[in-house]
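Coordinate inspection notes
Given next are the chains, with one letter for each unit.
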Amino acid sequence: DTFDLTGVECQVRWESPQYGSVRPDEVASLAEEAGISDEINRWSIEESCRQIAAWHERYDRHFFVANLLSNRQLRDPNLVTLVQSAIAGCRLAPESLQLEIRESSLIDAPEAVVAALTGLRKGGVRVGLDDFGTGHSSLGHIRRVPFDSMKLDRALMADLYTDPWAQGVTSAVL
């Protein structure tokens, strides 16, 4: 209602001298192929925490930073410890970090995902669902995880103002 900033999203991009601007989803695929995705994912969480701590101090305002977790990260038994360490190292309030998952992650490893997200939420970290409505899971899967936010897939939102079906589906989801 006030148009105050509540959060920002962290995405890894790459400006390649050879290929130009490489989108975040392509960076993730390339990192996976090169075997460096774990290092980039770890760095991304730590850098998100460092950056939001710097912004909190600089602007004397508190908002969160959202960071998308990969399926691989969600299966990492050290994820909760890594996140807690990054938060503590930057002296952040845990709710300053929102970790997001894609809807498909609930299908790939549902028990591991629920366990990881439950551990993160118990520690005060916000949990978000990214790209909901891509058709990968059911509401039965989603209700098992207590999300703080949900981003609807852009395909669902593209015709929101012109397509009554999209309006109905979006209204039902909300």
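Residues numbered from 1 in each chain as written. Predicted model: local features only at pLDDT ≥ 70, side-chain atom pairs only at ≥ 80, totals over all residues. Heavy atoms only, no water.

1. Brief notes about the pairing of strand S4 (residues 64–68)
Along any regular strand the residues' side chains alternate between the sheet's two faces. Most of S4 is tucked away: four of the five residues are buried. Strand direction decides the pairing type here: strand S1 (residues 7–10) and S4, joined by four bridges, are parallel. Opposite valine 8, over in S4, you have valine 65 as the bridge partner. Strand direction decides the pairing type here: S4 and strand S5 (residues 97–102), joined by four bridges, are parallel. Residue pairing across strands places alanine 66 opposite glutamine 98, the latter belonging to S5. (Buried < 20%, exposed > 50% of the residue type's maximum accessible area, 1.4 Å probe, protein only. Helix = DSSP H or I, 4+ residues; strand = E, 2+ residues; numbered from the N terminus. Pairing = 2+ DSSP bridges.)

2. Points about the layout of surface pockets
Reported here for the largest pocket is a volume of approximately 860 Å³. In terms of lining, the largest pocket is formed by 32 residues, of which the most central are Pro24, Asp25, Ala28, Leu68 and Arg102. No other element matches helix H1 (residues 24–34), which puts seven residues into the lining of the largest pocket. Partitioning the lining of the largest pocket into residue classes produces 10 nonpolar, 11 polar and 11 charged. Estimates place the volume of the second largest pocket at around 160 Å³. In terms of lining, the second largest pocket is formed by Asp38, Asn41, Arg42, Arg72, Gln73, Asp76, Leu79 and Leu82. The set of elements that each furnish at least two residues to the lining of the second largest pocket consists of helix H2 (37–59), helix H3 (71–74) and helix H4 (79–89). Among the elements that make up the lining of the second largest pocket, the one with the highest residue count is H2 (three residues). (1 Å grid on protein atoms, 1.4 Å probe; cavity = no way out; pocket = protein on both sides within 12 Å on 5 of 7 lines; lining within 4 Å. Points joined across faces, edges and corners; volume = space filled by probe spheres on them. Nonpolar A, V, L, I, M, F, W, Y, C, P; charged D, E, K, R; others polar.)

Everything listed here is a matter of geometry and, on its own, says nothing about what the molecule does.
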